[in-house]
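Spelled out, the chains give:
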Amino acid sequence: MITKDEVQKVAHLARLELSEAEVELFTEQLNQVLEAAEKLQQLDTTDVEPTAYAVPMQNVFREDIPEPSMPRDEVLANAPDPKDGYFRVPKIMD
Amino acid sequence: MSLYQYTAHELRDMLRRKEVSAAEITDSVLERIDSLDSVIKAYVTVTAEVAKSMAKAVDAQLAQGSDLPELAGIPMGLKDNLNTKGIRTTCSSKMLENYISPYDSTVYEKLIKSMSPLLGKLNMDEFAMGSSTENSAFFNTANPWDLERVPGGSSGGSAAAVAADEAIFTLGSDTGGSIRQPAAFCGVVGLKPTYGRVSRYGLVAFASSLDQIGPITKDVTDAALVLTAIAGHDPMDSTSVNKEVPDYTKFLKEDVKGLKIGLPKEYFVEGIDPEVKTKVMETVQKLEEAGAEVKEISLPHTDAALATYYIIAPAEASSNLARYDGVRYGYRSETAPDVLTMYKKTRSEGFGPEVKRRIMLGTYALSSGYYDAYYLKAQKVRTLIVQDFQKAFEEVDVIVSSTTPTPAFKMGDKIDDPMSMYLSDMFTLPANMAAIPAISVPCGYTEAGLPVGFQIMGPAFGEGTILHVAYAVEKLTGARERRPKLPEKGGAACE
Amino acid sequence: MSKYETIIGLEVHAELRTKSKLFCDCSTTFGAEPNTQVCPICLGLPGVLPVLNKQAVEYAIEAALALNCEIQPYNKFDRKNYFYPDLPKAYQISQYDLPLARNGYVTIHVDGKTKKIGITRIHLEEEAGKSVHSGDNILGSEYSLEDYNRTGIPLIEIVSEPDMRSPAEAYAYLTTLKNILQYTGVSDCKMEEGSLRCDANISIRPVGSDKFGTKVELKNLNSFRAVQKALEYEEKRQAKLLDRGEKVIQETRHWDESTGRTHSMRSKEEANDYRYFPEPDLVPVVISTEWIEKVRERLPELPEAKWQRFVHEYGLPEYDTELIISNRDMAEFFEATVKLHNDPKTVSNWVMGELTRLLKESGQAITESKVTPEVLARVIKLVDKGTISNTAAKTVLEESFKTGKDPDDIVKEKGLAQISDTAELEKVVAEVIAANPQSVEDFRNGKDRAIGFLVGQVMKATKGRANPKLVNELLRKKLQ
């Protein structure tokens, strides 16, 4: 069971700000999904390798050849707050 | 019959016979969008000029008598999570409402090379999360068969556009059924290729180990045609497989004699709509009568697939969607005094409820203390699901089922109940977990006139085989013959 | 400090010297205008995917072999999730539970003692970008500016065992590590450009205790000297706390170069939860034995092997050895010279002395110098044969350094050849004796030092060209 407190902590980890109502709702809904996930615990997965990759491939590389980058006006074209060729952000507290 | 009503292969032949020009085809579809999309609402962005200029180029080349690619002059639409340079790519999210991509996705590059005119970008569930397109931050898309019903999702715009003849074909993306489920709801063909068959470069990621791009088309021949054009190895996608692409249209034939078809008993259980079940079983019978060998099989971990999916997909999504932080692009909440507040406000205001729900779920499943119990466990169960299919494909050539447990449901019916919404993916998501190809093809209609989708799953890189069976289903059922009743030209909504 | 034992472990980040970034083909050149070496991939735009740079993997293998590590055959990448404005994807692609290499060591030499410092692990990961703060420091800034040029440059993180027992050992470990990385050429290790960075963990415990004390992590260590000074400060600070019966708090402390102190970084932030999971956009990297051997063949002779050879084969003092092997080019120059003139100590004196001075003054690297091993060997030979004096030799070397002229030509042109003609020198000696009766008397009265003055007079009269050894002999003969 995930508690409202945990939901708040997870929201902070995910950088989401939840209203009291959202906390309530998510606590309930996450518990529904997690309850279903509890069923997985009943499956015996001893000696079962996890599937982390959808297809069995290995050693895919590119060669170390630099190519021209993007023009800077394109780089900054979508920036909410560009300044002097940089992306500006408000005060960093930590 | 208007030009927009034809299939891609029909139009291709007409173009080559010079019965029509590419400009006429594109104009016809653009007019169709113009007259109908205020009702269907499939498009987020219409790119009429882009489409027209490509059509012009096709006609010029045609006039010169040079060879044309198969899809030349066949206008199409793209799900709005496929990057298109200089054109908005919104993922139907407030977060990217004004985002203009500086680069093209590989599939769009391939379609440009194929000279297929881009009509526009199609509505979807926000960041591809959902099964009804009701999670679009912009508007709902209507099901052309019943405007009060959902078109399915998340590629709802892509499926509705094809069903309403607002595009000759479209591309969607499928993470747990997002191509096949809306294709089934809208009575069109939707194919999810083997993971790695089509490059994901430029597809805005939802769950990286499950996402695949695929075609949504009017018939099976078109699906084969489009898949042939978009498949293939891409050095920009490390997970794209370096395997030759056959001409998939070569697999299409009606004869199914000797083909072994598996019927998984776990897919015909309670909860499946009786009408849907009947239509699917009738289709199976027709295949059997046509000479296929039908055999009951077991995929024992089917029951666990849904829970497994709803751990793995949100976990990957929580990481993939972390980049939307208001720093480099997209929505930013303006008033925050510091970065932490800016992040939280930006993401809380920019994302809708379903996206937040999945980010929360995924963050939790990966967090310290829960990783082993949820994420790692889910990955192990995923292995069991993969093994189920591997075993099954030792016995049969394809596995068939209904694509969805029910036909299209009404707007608003499930939006407040995530769990029941999630259940509409229960037959489609195992193919994503197993990374295998699967196709949905219409096989009939309910009493109420809603289409029923028939799903065919094949072994990895068995696209040719599932297209073959789908082609037979299309011919045997004749389901393609029936089209939604929509006004042919201009005027009011529908009959 | 005798009451306590200091335990130090270091985490070093070294940028690899690839031409393009780890997962995209943007250039890695240092010092470009902000945000001019970025593309959709390193900017983390929606929909992009990484593709691994093979050269980065090879460099990482090479570094791992040079640090005596075992290479792991099965490698994967993981996402390390955290939010920070300099991290475009909000995750760093790194390696978590299966690092590329483990169980290595570095041999250091401190105060005549040799010691092995264990390497726990080496893994490959990508760089973050750079935040430029509007004020003097991060907290006093109204805003920050993000530059992503550095984002995605390949890094190796080298984590040591807590094997160092003093700040001096930590310093020696760092210089040795840097030297090894530079020998292999996998990193240029420029701390001033940030291509080499170091964090330190330090704890103390009562001598004889086998339990580790509470460790403190030190950050903002911008030079090897800063590492040593910060550790020295920190071991005293911790000792004072324990002496007073207080506890050391586990925390991260910031080194302030200007005050020479460490101070606590605000620790209100939640414990990090990076939510590592395997990166699904990349496939595993399997490193075969053949691949490892191919890379091993490319390895140059490493500093420690050179160290052993220089001390044992050439009989060089450890001091000379440390200095010469601290630069691979210098060590190679030295060896080439010794091959031409087999007198290692004399060659080492010239290399460490005059040649190093000339290089420093001109700002040249030894590989750019006009003085080649051939030139230096020739100059030393001229001294050896008595053709020129040591003093003249310095002039010859300097001239050759500037002009690139042949030493023999310089000797001829400048008339620097020594006078070793006894008859000619006897004449001058006689003149000097006659002109300096006082010194002659002093010498005869047992003041041996007086002979030095007389030799000097002869040298002066011959403009330094007289063979001083011969002059000495002649004077003594005459005055006895």
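Basis of the calculations
- Residues numbered from 1 in each chain as written.
- Chains lettered and ligands numbered in written order.
- Predicted model: local features only at pLDDT ≥ 70, side-chain atom pairs only at ≥ 80, totals over all residues.
- Heavy atoms only, no water.
- Helix = DSSP H or I, 4+ residues; strand = E, 2+ residues; numbered from the N terminus.
- Rg over C-alpha atoms; globule rule 2.2 N^0.38 Å.
- Buried < 20%, exposed > 50% of the residue type's maximum accessible area, 1.4 Å probe, protein only.
- Contact = heavy atoms within 4.5 Å.
- Areas by Shrake-Rupley, 256 points an atom, 1.4 Å probe, with all protein chains shown as cover.
- Polar contact = N/O pair within 3.5 Å; in protein donor to acceptor, adjacent residues only side chain to side chain.
- Buried area = accessible area lost by both parts, 1.4 Å probe.
- Salt bridge = Lys/Arg side-chain N within 4 Å of Asp/Glu carboxyl O.
- Nonpolar A, V, L, I, M, F, W, Y, C, P; charged D, E, K, R; others polar.
- Axes fitted to C-alpha atoms, helices over the stretch in contact; angles between N-to-C directions.
- Parallel < 35°, antiparallel > 145°, perpendicular 65-115°, else oblique.
- Left-handed = near helix turned anticlockwise from the far one by under 90°.
- Pairing = 2+ DSSP bridges.
- Right-handed = clockwise from strand over helix to strand, strands pointing away.

A. Main features of the overall build of chain B. Within chain B, the secondary structure is distributed over 15 helices and 11 strands. Over its C-alpha atoms chain B spans a radius of gyration of 21 Å, differing by no more than 12% from the 23 Å that the globule rule assigns to 495 residues. For chain B, the C-alpha atoms occupy an extent of roughly 65 × 55 × 45 Å along the three principal directions. For chain B, with 495 residues in total, the buried portion stands at 69%. Intrachain contacts of chain B at a sequence separation of at least 6 include 76% that bridge at least 24 residues. Here chain B displays about 15,000 Å² of accessible surface, and carbon together with sulfur accounts for 48% of that area.

B. The side chain of C:H13, seen in detail. All names here are of chain C. Here H13 shows up in strand β1 (residues 4–15). Only 2.9 Å separates the side chain of H13 from the side chain of E157, close enough to count as a polar contact. Once residues within four sequence positions are removed from consideration, H13 is found in contact with E125, L155, I156, E157, S195, L196 and R197.

C. Molecular detail of the interface of chain A and chain B. Residue-level contacts link 51 residues of chain A with 63 residues of chain B. Counting each side, the surface lost to burial between chain A and chain B is near 4,900 Å², with a carbon and sulfur contribution of 67%. Along the contact surface separating chain A from chain B lie 3 salt bridges. Along the contact surface separating chain A from chain B lie 19 residue pairs in polar contact (both at pLDDT 80 or more). Every element with two or more residues in the side of chain A that touches chain B is listed here: α1 (4–13), α2 (20–38) and β3 (86–90) of chain A. Ranked by residue count, the leading element in the side of chain A that touches chain B is α2(A), at 11 residues. A class-by-class count of the residues in the side of chain A that touches chain B yields 32 nonpolar, 7 polar and 12 charged.

D. The packing of helix α8 (residues 344–362) of chain C against helix α10 (residues 390–403) of chain C, seen in detail. Residue and element names in this part refer to chain C. Packing of α8 against α10 leaves a shortest axis separation of 11 Å and a crossing angle of 40°. Judged by the inter-axis angle, α8 sits oblique to α10. Helix-helix and strand crossings are classified by hand; for α8 and α10 the assignment is right-handed. Seen from α8, the contacting residues are W350, E354, L355, R357, L358, L359 and S362; seen from α10, they are N390, A393, K394, L397, E398 and F401.

E. Representation of the pairing of strand β14 (residues 251–256) of chain C in the model. Residues and elements named next belong to chain C. Going residue by residue along β14, you find E251, R253 and W255 tucked away on one face and T252, H254 and D256 left uncovered on the opposite face. In this structure, strand β13 (residues 216–221) lies alongside β14, joined through 4 bridges in parallel fashion. Pairing of V216 across the sheet is with E251, part of β14. Regarding the hand of the β-α-β motif, the stretch spanning β13, helix α3 (residues 224–243) and β14 is left-handed. Pairing between β14 and strand β15 (residues 261–264): 4 bridges, direction antiparallel. Directly across from D256, in β15, lies its bridge partner R261. Turn length for the β14-β15 hairpin, with the two strands adjacent in sequence and antiparallel, is 4 residues, and the turn residue G260 shows positive phi of about 70°.

F. Summary view of the pattern of salt bridges. In this structure the tally under the stated criterion is 60 salt bridges over all chains. Note that B:K345 is salt-bridged to A:E17, the shortest N-O span being 3.3 Å. Here A:E17 lies in the loop between α1 and α2 and B:K345 lies in helix α10 (residues 339–350), a pairing that spans two chains. For A:E17, a relative accessible area of 36% puts it in the partly exposed group. For C:D448, the salt bridge is made with C:R476, and the minimal N-O distance between the two is 3.5 Å. Taken together, the positions of C:D448 in the loop between α13 (437–444) and α14 (450–461) and C:R476 in helix α15 (residues 468–479) put the pair 28 residues apart, joining distant regions of the chain.

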